[in-house]
Amino acid sequence: MAKYALVTGGSRGIGRAVAVRLAKAGYNILINYVSRIGEAEKTMALIREAGQDGEILQFDVASAEETRKALEGWQARNPEEYIEVIVNNAGIRRDNIMALMPEDDWNRVLQVSLGGFFNVTQPLLAPMMRRKYGRIISMASVSGLMGMQGQANYSAAKAGIISASKALAKEIARKNITVNCVAPGFIKTDMTEGLDEATLCRNIPAGRFGTVEEVADVVAFLASPEASYVTGNVISINGGLYT
Ligand code: NAI
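Treat the numbers as computed from the prediction; the structure is a model and nothing was measured. (Residues numbered from 1 in each chain as written. Predicted model: local features only at pLDDT ≥ 70, side-chain atom pairs only at ≥ 80, totals over all residues. Heavy atoms only, no water.)

**Student:** Before we go on, may I ask you to explain the nonpolar core in this structure?
**Tutor:** In terms of nonpolar packing, the biggest core is built from 31 residues, with Ile 83 and Ile 136 touching the most fellow members. Of all the secondary structure elements, the ones that give two or more residues to this core are strand S1 (4–7), helix H3 (64–77), strand S4 (83–88), helix H4 (103–131), helix H6 (152–172) and strand S6 (177–184). Looking at this core element by element, the count peaks at six residues for H4. Setting aside residues up to four positions removed in sequence, Ile 136 forms contacts with Ile 86, Asn 88, Thr 121, Leu 125, Met 128, Leu 168, Ile 172, Ile 177, Thr 178, Val 179 and Asn 180. By size, the runner-up hydrophobic cluster in this structure holds 30 residues, among which are Tyr 27, Ile 31, Tyr 33 and Met 44. (Core = buried A, V, L, I, M, F, W, Y, C linked by side-chain atoms within 4.5 Å. Buried < 20%, exposed > 50% of the residue type's maximum accessible area, 1.4 Å probe, protein only. Helix = DSSP H or I, 4+ residues; strand = E, 2+ residues; numbered from the N terminus. Contact = heavy atoms within 4.5 Å.)

In structure tokens, the structure reads:
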């Protein structure tokens, strides 16, 4: 039987690196994306180069209905399989100081990041619990740990993911399922494009932004059988920015 990992927002950035890294660890990958099919196809090509297979699943993680339909569709086509590793990576930011933040920017960031965590994870729990093995890893952020000005919405969503993961970890630890988060600092991707890197680096002890591969390696550890006694935790990947 093949082993399957789902990576939301797997078409580019950190998600793509995680998808490729998990393929190298022997997983077939389900790549979720929302809008850029070309990028999702590039990720799939890299997965095939790594010797694995997979499928591209288009859905908006903010929509419970779309997400459930896509995941149920995959399960119906693959009745013998189950998704063993979930990587909740999809996320957006709509930064603004709270005094000027439109309601829509508050809601959308919460719906994609925190809503997405629920919408994706909830339907996959029952099959995972039946098989008594699983790994759930979610992308938090340094912003969710320390709170960052201009990111009240994003900090709230990421802090919510951390607490929800801790609660879920307790609920399903006896089923051999671990639930953890990683909290990246500043990583070079589209999301951090346009930030003033030189100024920000002055506050990062390592003196540089991180790479997507550095995040993917930590996710791969948490996804591995070796991480079996690590649950309800957050691993920071931030070059010493916040400890
Ligand atoms: P990115 O902007 O390059 O990629 C985000 C991914 O999420 C894309 O594949 C996008 O299609 C997907 N996505 C967005 N909305 C979606 C939706 N509604 N449904 C499905 N997919 C959706 O961002 P990056 O940097 O790769 O970020 C990945 C994750 O890591 C995000 O959750 C982000 O908050 C988190 N993170 C990133 C940091 C950074 O410095 N780049 C730092 C800390 C956390």
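Read on for the rest.
**Student:** So what exactly am I meant to see when it comes to the site of the ligand here?
**Tutor:** The ligand sits among 29 residues. The nearest are Asp 60, Asn 89, Tyr 154, Ile 187 and Thr 189. Asn 89 is positioned with one of its backbone polar atoms (N or O) 2.7 Å from an oxygen atom of the ligand. Interatomic distance of 2.8 Å between a backbone N/O atom of Ile 187 and an oxygen atom of the ligand. Out of a free accessible area of 820 Å², the ligand has 95% covered by protein chains. Grouping the amino acids of the shell around the ligand by side-chain chemistry returns 14 nonpolar, ten polar and five charged. (Near = heavy atom within 4 Å. Polar contact = N/O pair within 3.5 Å; in protein donor to acceptor, adjacent residues only side chain to side chain. Areas by Shrake-Rupley, 256 points an atom, 1.4 Å probe, with all protein chains shown as cover. Nonpolar A, V, L, I, M, F, W, Y, C, P; charged D, E, K, R; others polar.)

**Student:** For this particular structure, what's the right way to read the packing of aromatic side chains?
**Tutor:** Any pair of aromatic rings gets described here by the distance separating the centres and the angle formed by the planes. One pass over the full model with this rule turns up two aromatic pairs. Between Tyr 4 and Trp 74 the ring centres are 5.0 Å apart and the planes differ by 65°, which places this aromatic pair in the edge-to-face class. Residue Tyr 4 is located in strand S1, and its partner Trp 74 is located in helix H3; the two are separated by 70 residues in the primary sequence. Of the two residues examined, Tyr 4 and Trp 74, each falls in the buried class. With centroids separated by 5.4 Å and ring planes inclined at 20°, the aromatic side chains of Phe 186 and Phe 209 adopt a geometry described as stacked. Within this pair, whereas Phe 186 is found in the loop between S6 and helix H7 (197–201), its partner Phe 209 is found in the loop between H7 and helix H8 (212–223), the two being separated by 23 residues in sequence. (Phe/Tyr/Trp six-rings, centres within 6.5 Å; stacked < 30°, edge-to-face > 60°.)

**Student:** Please explain empty space enclosed by the protein as it appears in this structure.
**Tutor:** Taking a probe equal in size to a water molecule and rolling it over the atoms shows the remaining empty space. A complete count under the given rule lists one cavity of 30 Å³ or more for this structure. Counted as a void, the largest cavity has a volume near 60 Å³. Contributing to the lining of the largest cavity are 13 residues, with Asn 88, Ala 90, Ser 113, Gly 116 and Phe 117 lying nearest its centre. Contributions of two or more residues to the lining of the largest cavity are made by H4 and H6. Broken down by element, the lining of the largest cavity gets its largest block of residues, five residues, from H4. (1 Å grid on protein atoms, 1.4 Å probe; cavity = no way out; pocket = protein on both sides within 12 Å on 5 of 7 lines; lining within 4 Å. Points joined across faces, edges and corners; volume = space filled by probe spheres on them.)

**Student:** How do you make sense of the side chain of Asn 153 when you look at a structure like this?
**Tutor:** Of note, Asn 153 is situated in helix H6. Relative accessible area serves as the criterion here: at 0%, Asn 153 is assigned to the buried category. A polar side-chain atom of Asn 153 sits 2.9 Å from the main-chain carbonyl oxygen of Arg 94. Apart from residues no more than four positions distant in its own chain, Asn 153 is found in contact with Arg 94, Met 101, Asp 105, Trp 106, Val 109 and Leu 110.

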